[in-house]
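Structural characterization, general
Spelled out, the chains give:
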Amino acid sequence: MRNRVYEFLVAIVRPIAWLFFPYRLEGRENLPKDEPVLLCANHSSGWDPVLIACSLGIGQRMRVMSKKQLMDIPVLGWILKKAGVFAVDRGNSDIVAVKTAIGSLKEGWSLLIFPEGTRLKKPQPELVKGGAAMIAIRSGVRMVPVFLTMEKKLFRRVRIVIGAPYSPVYTGRKGTAEEYQANAEEIMRQIYALGDMEWK
């Protein structure tokens, strides 16, 4: 299962991204090779999804959930869609995006998501919603925490750290809203711990 447009974009953008933000990937061994996972990362820059995709390379079968405004940009939105990126309307309960996310994971694609939902310069626990955990639980996959250097400056090294997979804790077949929230908060705590930062 491959997406050649995604692979082409990564191959083209990778040297450019590394030139502007020379990244160093740590913990690659924590990323399972034989199962799809929900990659959950902190978000402080529009470069974050690009840097993660480029650091993992074309060997990682991955889709990305992006904000709707980016996908609405002519030409760029069309290219990103061909590369497997899909939109989420952050201001509303976007059922279509949730179904697309769950379907992608069940089809064997890993998925990159930003549980905080927006770019932040420092941790803000009150902004985290349970949607990421709900997607993981309903698709039966593990969550993998990913930390990126918060402050990005041109030509300065960016650390990208992958942590150990986390299995959401829940009851019943689908879990509860409270359990979604608790698991989302736990994965954010793990993400910031990778960067030696306190989340609460």
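One can find the structure itself at the top, above this paragraph.
Scoring rules and cut-offs
- Residues numbered from 1 in each chain as written.
- Predicted model: local features only at pLDDT ≥ 70, side-chain atom pairs only at ≥ 80, totals over all residues.
- Heavy atoms only, no water.
- Helix = DSSP H or I, 4+ residues; strand = E, 2+ residues; numbered from the N terminus.
- Buried < 20%, exposed > 50% of the residue type's maximum accessible area, 1.4 Å probe, protein only.
- Contact = heavy atoms within 4.5 Å.
- Salt bridge = Lys/Arg side-chain N within 4 Å of Asp/Glu carboxyl O.
- Expected span 1.5 Å × (residues − 1).
- Bend = angle between axes of the 7 residues up to and from the residue.

**Overview of the environment of Met65**
- You can see Met65 is positioned in strand E3 (residues 62-67).
- In this structure Met65 comes out as buried when scored by relative accessible area, which is 12%.
- In the structure, Met65 is positioned 46 residues away from Leu111 in sequence and 7.4 Å away in space, judged by C-alpha atoms.
- Sequence-distant contacts of Met65, defined by excluding residues within four places in its chain, comprise Phe86, Val88, Ala97, Ala101, Leu111, Leu112, Ile113 and Ile135.

**A look at the pattern of salt bridges**
- A complete count under the given rule lists eight salt bridges for this structure.
- Among the salt bridges present, the one from Lys152 reaches Asp48, with a minimum N-O distance of 2.8 Å. Of this pair, Lys152 sits in the loop between strand E6 (142-148) and strand E7 (158-162) while Asp48 sits in helix H2 (residues 48-56), and the two are 104 residues apart along the sequence.
- Take Lys152: its relative accessible area is 16%, and that puts it in the buried class.
- Across the pair Glu186 and Arg189 runs a salt bridge whose closest N-O atoms are separated by 2.7 Å. With Glu186 and Arg189 both in helix H7 (residues 177-194), this residue pair falls three residues apart, about one helical turn.
- Judged by relative accessible area, Glu186 falls into the partly exposed class, the value being 21%.
- Residues joined in a network through salt bridges with shared partners are Arg24, Glu26 and Arg159.

**Description of helix H1 (residues 4-20)**
- Given a rise of 1.5 Å per residue, 17 residues ought to cover 24 Å, and the 25 Å separating the end C-alpha atoms of H1 matches this to within 8%.
- The largest bend in H1 comes to about 40 degrees, at Val13, with the proline Pro15 one to four residues further on.
- Those residues of H1 that fall on the buried side of the exposure criterion are Tyr6, Glu7, Val10 and Ala17.
- For H1, the elements touching its buried residues are strand E1 (23-26), H2 and E3.

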